[in-house]
Amino acid sequence: MSSTSIDDLLAFEEEAAPTGPQARRSRVGPVLRSLAWAAGVVAVLIVGLRAVGLQVSLPVLVAGVLAVLVIRRVTALVAPPPPPPAGGRAVTGEEDGSYNWGARDALRSAINRWEWPLDWSNTRPERFTEVVLPRIGELADERMRLKHGVTRESDPARARALLGDRLWTFLETPPRRTPSPRDLAVIVAELEKI
C-alpha cells in the first residue's frame, strides 16, 4: 500500500518566478563559434577542391563561406516559431473551460487507470474483485487514515463503524458479479462521506 495521500497527488505548486537580473550574454562566444565553423568549412573545401584538381582563391572561398553562415543565421532569426508538439494544447488568452479529451495529461491517465479495469470487469467479473475492489479498499483505508488515523487492518472495529455496514460488507466480502454503475455510485458516495 502506498503512503501517498490523495491530497498529495492532487496538489499543485507553481514554479517561482526567476529573481534578480539575468546575466548579460556575451556576443563574443557566438561570433567565435561561427568563425571556427567557417575556418573548418574552408579547410574542408580547400582539401576537397585540391583533391579533385581545382584551385579557388582563398579570399573568395572565405567570403563565400562567411556569406552562407550569415544567411543561415539571419534566416534562423526571422523564421517563425516551431509549431506546438502534436497532442499539446496551445493556450491563447482566456480558456473556454472545456476539457481537451484528446490531450495526454495526468488527469486523463488517472481516469484511464479506473476506466479500463472497470470496463474489463464487465466481461470478466473476477477482474473486478482482483483489480478494482482492492483499489477501492485502498482509497477507503487512505481516507480513514488521513481523517481518523485508522485503517481496516489497524483497528477493524472502529473502521467498521466509520465505513458503515454496507461499505464494510462490500469491501470484505467480494460480490459475485460486477456491481452496476448505480451501485458503484452509492458506494463511492458512502466512501466520500468518510
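For the structure itself, look to the data block above.
Keep in mind that what you see is a predicted model, and the values were worked out from it rather than measured.

Participant: Looking at this model, I keep getting lost on the overall build of the chain. Mind explaining?
Facilitator: In terms of helices and strands, the chain carries eight helices and zero strands. Secondary structure elements of the chain occur, N-terminal to C-terminal, as α-α-α-α-α-α-α-α. Within the span of the chain, comprising 194 residues, buried residues form 19% of the whole. In the chain, of all internal contacts separated by at least 6 residues, the share reaching a separation of at least 24 is 45%.

Participant: How do you make sense of the environment of Arg 152 when you look at a structure like this?
Facilitator: Mapped onto the secondary structure, Arg 152 falls in the loop between helix H5 (125-148) and helix H6 (156-163). The spacing of Arg 152 and Glu 142 is 10 residues in sequence and 9.9 Å in space, taken between C-alpha atoms. Contact partners of Arg 152, with chain neighbours within four places excluded, come to Gly 137, Glu 138, Asp 141, Met 144, Ala 159, Leu 163, Trp 168, Leu 171 and Glu 172. Reaching out from Arg 152, the side chain makes a polar contact with the side chain of Glu 172 at a distance of 3.2 Å.

Participant: What exactly am I supposed to notice about helix H7 (residues 165-172) here?
Facilitator: Along H7, the residues that are buried comprise Leu 167, Trp 168, Phe 170 and Leu 171. Angular distribution of buried residues about the axis of H7 spans 165 degrees; they occupy a single face of the element. The inward-facing, buried residues of H7 contact H5, H6 and helix H8 (181-193).

Participant: Is there a simple way to explain a nonpolar patch on the surface in this structure?
Facilitator: On the surface, Val 28, Val 31, Leu 32, Leu 35, Leu 58, Val 62 and Leu 66 cluster together into a nonpolar patch covering about 590 Å² of accessible area. Listing elements by their share of the nonpolar patch, those giving two or more residues are helix H2 (28-51) and helix H3 (58-78). Top contributing element to the nonpolar patch by residue count: H2, with four residues. By the element assignment, Val 62 lies in helix H3. Take Val 62: its relative accessible area is 33%, and that puts it in the partly exposed class.

Participant: What is the right way to look at the pattern of salt bridges in this model?
Facilitator: Pairs can form between side chains of opposite charge whenever their charged atoms are close. Taken as a whole, this structure holds five salt bridges when the rule is applied. Between Arg 166 and Glu 190 there is a salt bridge whose closest N-O contact spans 3.8 Å. One end of the pair, Arg 166, is in helix H7; the other, Glu 190, is in helix H8, and 24 residues separate them in sequence. Arg 166 sits in the partly exposed class, given a relative accessible area of 45%.

So, how was this worked out
Residue indices follow the written sequence of each chain, beginning from 1 at its first position. In view of the model being predicted, local features appear only for residues whose pLDDT reaches at least 70, and side-chain atom pairs are presented and counted only at 80 or more, with totals across whole chains, interfaces and linings using the full set of residues. No hydrogens and no water enter the side-chain calculation; it runs on all heavy atoms of the structure. Only runs of H or I of at least four residues qualify as helices and only runs of E of at least two qualify as strands under DSSP, and these elements are numbered from the N terminus. Here's how the labels work: a residue is buried when its accessible area is under 20% of the maximum for its type, exposed when over 50%, partly exposed in between, all with a 1.4 Å probe on protein chains only. Whether two residues are in contact is decided by their heavy atoms: any pair within 4.5 Å suffices. Residues adjacent in sequence count toward polar contacts only when both atoms are side-chain atoms; beyond that, a polar contact is any pair of N or O atoms within 3.5 Å, and within protein one must be able to donate a hydrogen and the other to accept it. Of all possible arcs, the one meant is that of the directions from the helix axis to the C-beta atoms. A patch consists of residues whose relative accessible area exceeds 30% and which take part in no salt bridge; residues with like charges are grouped when within 9 Å of each other, and nonpolar side chains (Val, Leu, Ile, Met, Phe, Trp, Tyr) when within 5 Å. We get accessible surface area from the Shrake-Rupley algorithm with a probe of 1.4 Å; when it comes to residues, only the shown protein chains can shield them. A carboxyl oxygen of Asp or Glu within 4 Å of a side-chain nitrogen of Lys or Arg is what we treat as a salt bridge.

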